[in-house]
Amino acid sequence: KQRGLTDNDSVSPPTHPCSCPITSRSRRWIKAYSLTLPCTIKMSANTNPPNSVITNIFCWTTILAGAFLFVFAILNADFASLGYAYLFFSLVTLIFASRIVVAIPSVKGHISVSDTLIFLSILIFGGEAGIILSTVDAIPASYKLTKKPITLLFNISVYAISTSFTVYVLRLIFGSLASLTKQEF
């Protein structure tokens, strides 16, 4: 027979598959280790949670939105006015800057120099050029993280969506981005 636990007992809490917080002194360790919770998913420690339909819908919606924004940027980009300067800038960004990463102090993370150059390309060459550059730059960066096609497409789409969001918010606030760089303070 198991005895009830008191506040002075030093027993580590049981791990829960869905990591939900349980209050009231963990309900006395869920009646002293007979763990049955309403949110418990029955699975062993070695299995991954099943892919849900909602997760798949979210992934494919994100992929389609990113693809739409990338194609929209290509169709609206004025390649004639970009010229060789954009081509050279893009090659430098894709070949050299993507490989240089800077650690963020006191945070477990990093930022690549290409992110800075992508924002610079938005200001110099326009929003569509920045969206195209960021999406193409996301391909090798995402490929380093994963080889799964759906995850790769998802990561690339997130780059396209976030850069598009940045461009359109900047246009909403400041108007034309080309005139923004030519204004005096």
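Since this is a predicted model, take the numbers as computed values, not measurements.

The rules behind each value
- Residues numbered from 1 in each chain as written.
- Predicted model: local features only at pLDDT ≥ 70, side-chain atom pairs only at ≥ 80, totals over all residues.
- Heavy atoms only, no water.
- Helix = DSSP H or I, 4+ residues; strand = E, 2+ residues; numbered from the N terminus.
- Buried < 20%, exposed > 50% of the residue type's maximum accessible area, 1.4 Å probe, protein only.
- Contact = heavy atoms within 4.5 Å.
- Areas by Shrake-Rupley, 256 points an atom, 1.4 Å probe, with all protein chains shown as cover.
- Core = buried A, V, L, I, M, F, W, Y, C linked by side-chain atoms within 4.5 Å.
- Expected span 1.5 Å × (residues − 1).
- Polar contact = N/O pair within 3.5 Å; in protein donor to acceptor, adjacent residues only side chain to side chain.
- Axes fitted to C-alpha atoms, helices over the stretch in contact; angles between N-to-C directions.
- Parallel < 35°, antiparallel > 145°, perpendicular 65-115°, else oblique.
- Left-handed = near helix turned anticlockwise from the far one by under 90°.
- Nonpolar A, V, L, I, M, F, W, Y, C, P; charged D, E, K, R; others polar.
- Bend = angle between axes of the 7 residues up to and from the residue.
- Phe/Tyr/Trp six-rings, centres within 6.5 Å; stacked < 30°, edge-to-face > 60°.
- Lys NZ or Arg CZ within 6 Å of the ring centre and 35° of its normal.

Visitor: Even after reading the chapter, I still don't get the overall build of the chain, so can you show me in this structure?
Guide: The helix and strand tally for the chain stands at seven helices and two strands. In the chain, which comprises 185 residues, the share counted as buried stands at 28%. Long-range pairs, those at least 24 residues apart, make up 56% of the contacts in the chain with a sequence separation of at least 6. Accessible surface, the chain as shown: approximately 13300 Å² in total, 67% of it carbon and sulfur.

Visitor: I'm lost on the nonpolar core in this one. Help?
Guide: The nonpolar side chains of soluble globular proteins are, as a tendency, buried together. Judged by nonpolar contacts, the single largest core of 15 residues is most densely connected at Y86, I132, L133 and V167. Mapped by element, the contributors of at least two residues to this core are α3 (79–95), α4 (113–125) and α5 (127–145). Looking at which element gives the most residues to this core, the answer is α5, with four residues. Leave out the neighbours within four places in its chain, and I132 touches F70, A73, I74, A77, F79 and Y86.

Visitor: In this structure, what is going on with helix α6 (residues 149–174)? I would like to understand it.
Guide: Residues lying three or four places apart along an α-helix face the same way, a consequence of the helix completing one turn every 3.6 residues. In a regular helix each residue adds 1.5 Å, so 26 residues correspond to 38 Å; α6 covers 37 Å between its end C-alpha atoms and thus fits that length. Looking only at α6, the buried set comprises L152, F154, N155, I156, S157, A160, T163, S164 and V167. Its buried side turned inward, α6 meets α2 (53–76), α4, α5 and α7 (177–182). Just downstream of α6 lies G175, where phi reads positive at about 85°.

Visitor: Sorry, what's going on with the side chain of T62 here?
Guide: Assignment of secondary structure puts T62 in helix α2. Polar side-chain contacts of T62 include one of 2.8 Å to the backbone oxygen of F58.

Visitor: Before we go on, may I ask you to explain the packing of α2 against α6 in this structure?
Guide: With their axes 8 Å apart at the nearest point, α2 and α6 run at an angle of 55° to one another. In terms of orientation, α2 and α6 fall into the oblique class. Crossing of α2 over α6 shows left-handed handedness. Between α2, through F58, C59, W60, T62, I63, A65, G66, A67, L69 and F72, and α6, the contact on the second element is made entirely by I150, L153, F154, S157, V158, A160, I161, S164 and Y168. Classifying every residue of the contact of α2 with α6 gives 15 nonpolar, four polar and no charged.

Visitor: Just to check I follow, could you spell out α3 for this structure?
Guide: If you check α3, its first and last C-alpha atoms are just 21 Å apart, much less than what 17 residues at 1.5 Å a residue would give, namely 24 Å. The largest bend along α3 reaches roughly 55° and is located at A85. Taken together, the buried positions of α3 are L82, Y86, F89, S90 and T93. Structurally, α3 contributes buried residues whose contacts are with α4 and α5.

Visitor: Just to check I follow, could you spell out the packing of aromatic side chains for this structure?
Guide: Each aromatic ring pair is specified by the distance between its two centres and by the angle formed by the two planes. Taken as a whole, this structure holds four aromatic pairs when the rule is applied. Relative to F72, the ring of F68 lies with its centre 6.0 Å away and its plane at 20°, an arrangement referred to as stacked. With a gap of four residues between them, F68 and F72 both fall in helix α2, about one helical turn apart. A residue is classified by how much of its surface remains accessible, and F68, at 56% relative accessible area, is exposed. Take F72: its relative accessible area is 35%, and that puts it in the partly exposed class. With centroids separated by 5.3 Å and ring planes inclined at 70°, the aromatic side chains of Y86 and F125 adopt a geometry described as edge-to-face. A residue pair is termed long-range when its members are at least 10 positions apart, and Y86 in helix α3 and F125 in helix α4 qualify at 39 residues. Residue class for Y86 comes out buried when judged on its relative accessible area of 9%. A cation over an aromatic ring shows up here: K147 above the ring of Y143, its NZ or CZ 4.5 Å from the ring centre.

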